Amino acid sequence: EPAMELKELTEKTLVLFNSKNTTELIKKLPSYWNDNDTKAKFKELVGDLSIDWLQKIFQYYEADRKDKKQDYTPTSLAKLMASLALRNDEKHIIDMCAGSGALTIQCWNLNHDIEAECLEFDEKVIPILLFNLAVRNIKATVYQMDVLQQEVTNSWQVVAGDEFGKVIENGNND
């Protein structure tokens with residue numbers, strides 16, 4: 001059966017996260033990072049966690065293409081990068097400009113035991129990135145940072161659990 005259309009996916013996702021629109025969804029996501037019931041319902045809704053469903057929603061409704069030049073990595077390119085990154089049984093990956101986690105998810109598709117280090121500048125997409133990691137139980141450290149200036153604003157750990165990861169905020173590194 002064909003994948004859900006974006007409109008249907010978005011409507012069902014908004015209902016699940018009790019949000020009126022995609023902007024509110026992003027603001028509310030942190031309150032669901034450690035809500036395993038909601039993560040289970042999301043997993044049931046999308047069926048296939050090998051696809052970054054939230055990226056599709058964010059890219060269409062929320063990405064800042066004009067000022068921040070936010071265009072997301074096509075899945076085919078993320079798959080290629082993942083296959084290159086995980087040669088020689090490599091388990092640790094660094095995803096610079098991680099966005100919603102497309103490359104990390106493709107690496108996870110190849111090996112569920114990866115450990116990721118995700119670096120992202122835009123605070124608007126980080127709630128999605130952290131939910132994506134937690135719902136897939138990917139062990140990770142996420143840094144909100146300017147990779148060019150090497151300045152970290154905030155950081156989080158995603159600790160693997162039985163089925164879903166747990167997000168722990170490390171706070172800012174002042």
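As shown above, the structure is provided for reference.
Attention here is on the structure that accompanies the text. These numbers come from a predicted model, not from an experiment.

### What to know about the nonpolar core
- Ranked by internal contacts, the top residues of the largest apolar core, which has 42 residues, are Phe 17, Phe 42, Leu 130, Phe 131 and Leu 133.
- By residue number, the principal contributor to this core is helix 7 (residues 126-135), which donates eight residues.
- Those residues within four positions of Leu 133 in sequence are excluded, and the remaining contacts are Thr 104, Cys 118, Ile 138, Ala 140, Val 142 and Val 158.

### Quick word on the environment of Asn 137
- Inspection of the secondary structure assignment puts Asn 137 in the loop between helix 7 and strand 3 (139-146).
- The class of Asn 137 is buried, set by a relative accessible area of 17%.
- If we ignore the near neighbours within four places in the chain, the residues touching Asn 137 are Val 159, Ala 160, Gly 161, Asp 162, Glu 163, Phe 164 and Gly 165.

### Here we look at unusual backbone geometry
- Of note, the phi angle at Asn 18 is positive, near 50°, even though the residue is not glycine.
- Mapped onto the elements, Asn 18 comes out in the loop between helix 1 (6-16) and helix 2 (22-28).
- Even without glycine at this site, Gln 150 takes up a positive phi of about 55°.
- Note that Gln 150 resides in the loop between strand 3 and strand 4 (151-159).
- Judged by relative accessible area, Gln 150 falls into the exposed class, the value being 57%.

### Description of the pairing of strand 2 (residues 115-120)
- In terms of strand pairing, strand 1 (residues 92-96) meets strand 2 through five bridges, oriented parallel. Counted as the bridge partner of His 92 is Glu 115 from strand 2.
- Between the parallel pair strand 1 and strand 2, the chain is carried across by helix 6 (residues 102-110), and the sense of this crossover is right-handed.
- In terms of strand pairing, strand 2 meets strand 3 through six bridges, oriented parallel. Paired with Glu 117 across the two strands is Thr 141, which belongs to strand 3.

### Section: the pattern of salt bridges
- Counted according to the given criterion, the structure contains six salt bridges.
- With a closest N to O distance of 2.8 Å, Lys 12 and Glu 8 form a salt bridge. Taken as a pair, Lys 12 and Glu 8 lie in helix 1 at a separation of four residues, close to a single helical turn.
- The class of Lys 12 is partly exposed, set by a relative accessible area of 38%.

Reading the values: the criteria
Residues numbered from 1 in each chain as written. Predicted model: local features only at pLDDT ≥ 70, side-chain atom pairs only at ≥ 80, totals over all residues. Heavy atoms only, no water. Core = buried A, V, L, I, M, F, W, Y, C linked by side-chain atoms within 4.5 Å. Buried < 20%, exposed > 50% of the residue type's maximum accessible area, 1.4 Å probe, protein only. Helix = DSSP H or I, 4+ residues; strand = E, 2+ residues; numbered from the N terminus. Contact = heavy atoms within 4.5 Å. Pairing = 2+ DSSP bridges. Right-handed = clockwise from strand over helix to strand, strands pointing away. Salt bridge = Lys/Arg side-chain N within 4 Å of Asp/Glu carboxyl O.

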